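Here is how the chains run, residue by residue.
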Amino acid sequence: MQNAVWRTGFMLVLWLVVGLVPANAQYFGRNKVTYDDFDFRVLESEHFEMYYYPEEERATRDAARMAERWYTRHTRTFVHTFGEKKPLVLYANDADFQQTNIVQRVSQGTGGLTEPRRERVVMPFTGSYGEFNHVLGHELVHSFQFDLALNSDSAQIRMQQLPLWFVEGMAEYLSVGRKDPHTAMWMRDAALRDDLPSFEQLSNAREYFPYRYGQAFLAYIGGKYGDQSVTDLYKLG
């Protein structure tokens, strides 16, 4: 009888502990639900392998030309070239993109991502070539960052030690440029509220959005010393 009571109490405690596991922890390890089968094919350009499915073939050919233009631009800025072709995985729309199994979860509002281990850029077409081109340029900056960190003998780069505002701010600056109305609006608002952060405060990404503030700082550096000074800072790690 005593053993039965002990077992019952143990199972109750175990049930309570399991019941307290956060929902996102319970999600880990389960297969992501996908609703469509994507018949992926490969379109190769000089420096990229574009993974696409037939519904987006025409747009993918345009994306390949955009990617090569960004490659030429980023190569000059980083003074670095790829040793092998990089994969770009493209989805026809955001609903398809949400089903990707390259990463476990994609948050709503994510315009694209760069997976560091295999240096894969993954993103959807948005219906706006201007917006798509910006996100593609942003993610390819990350591709260059990862490639330098993983494959360069001269650069002692530890990306995990770099602040998010610097990594994301660089990607925004090198894909948008020095003058950006969106970032300017954020900076004017912060100045009017007397809430321009220090570098220490910038490390708090929840309070200070790293993309905008990082871009503003690096736009100042690039404007004064040239775009290559921004990538030189990165290479210093």
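If you're wondering where the values come from, they're calculated on a predicted model, not measured in any experiment.

The rules we used
Residues numbered from 1 in each chain as written. Predicted model: local features only at pLDDT ≥ 70, side-chain atom pairs only at ≥ 80, totals over all residues. Heavy atoms only, no water. Buried < 20%, exposed > 50% of the residue type's maximum accessible area, 1.4 Å probe, protein only. Helix = DSSP H or I, 4+ residues; strand = E, 2+ residues; numbered from the N terminus. Contact = heavy atoms within 4.5 Å. Pairing = 2+ DSSP bridges. Axes fitted to C-alpha atoms, helices over the stretch in contact; angles between N-to-C directions. pLDDT = per-residue confidence, 0-100. Salt bridge = Lys/Arg side-chain N within 4 Å of Asp/Glu carboxyl O.

Every buried residue of helix H10 (residues 227-235) is accounted for by Ser229, Val230, Thr231 and Tyr234. Taken together, the buried residues of H10 touch helix H3 (57-78), helix H5 (129-151), helix H6 (164-176) and helix H9 (210-225).

Spatially, the 5 strands line up as an open sheet ordered S1-S2-S3-S5-S4, and their pairing is mixed. Each of the sheet's edge strands pairs with one partner strand only, and the pair in question is strand S1 (41-44) and strand S4 (113-115). Neighbour-to-neighbour, the strand axes of this sheet turn through a mean angle of 25°, independent of strand direction. As paired elements, S1 and strand S2 (residues 48-52) share 4 bridges and run antiparallel to each other. Residue leucine 43 lies in a different strand from S2, and its bridge partner there is methionine 50. The sheet contacts of H3 involve S1, S2 and strand S3 (86-91), and relative to S2 the element is tilted by about 155°. Its contacts with the sheet put H5 on S2, S3, S4 and strand S5 (120-124), and the angle it makes with S5 is roughly 165°.

What follows deals with unusual backbone geometry. The phi torsion at valine 79 lies on the positive side, around 50°, for a residue other than glycine. Within the secondary structure layout, valine 79 lies in the loop between H3 and S3.

Within the protein chain, residue pLDDT values average 83, and 82% of them lie at 70 or more. Considering only residues more than four positions removed or in separate chains, one finds that residues 1-29, a stretch of pLDDT under 50, has 5 contacts.

Attention shifts here to the pairing of S5. Here S5 lies mainly inside the structure; 5 of its 5 residues are buried. Neither face of S5 is left uncovered, since the one carrying Arg120, Val122 and Pro124 and the one carrying Val121 and Met123 both have all their residues buried. With 4 bridges connecting them, S3 and S5 associate as parallel partners. Among the inter-strand pairings, leucine 88 is bridged to a residue of S5, identified as valine 121. Sheet topology note: the S4/S5 ladder contains 3 bridges and is antiparallel.

Let us look at the pattern of salt bridges. Within this structure, the stated rule accounts for 11 salt bridges. For glutamate 119, the salt bridge identified is with lysine 86, shortest N-O distance 3.0 Å. Residue glutamate 119 is located in the loop between S4 and S5, and its partner lysine 86 is located in strand S3; the two are separated by 33 residues in the primary sequence. Of the residues examined, glutamate 119 reaches a relative accessible area of 6% and is grouped as buried. Taken together, the salt bridges that share partners define one network made up of Lys86, Glu119 and Asp147.

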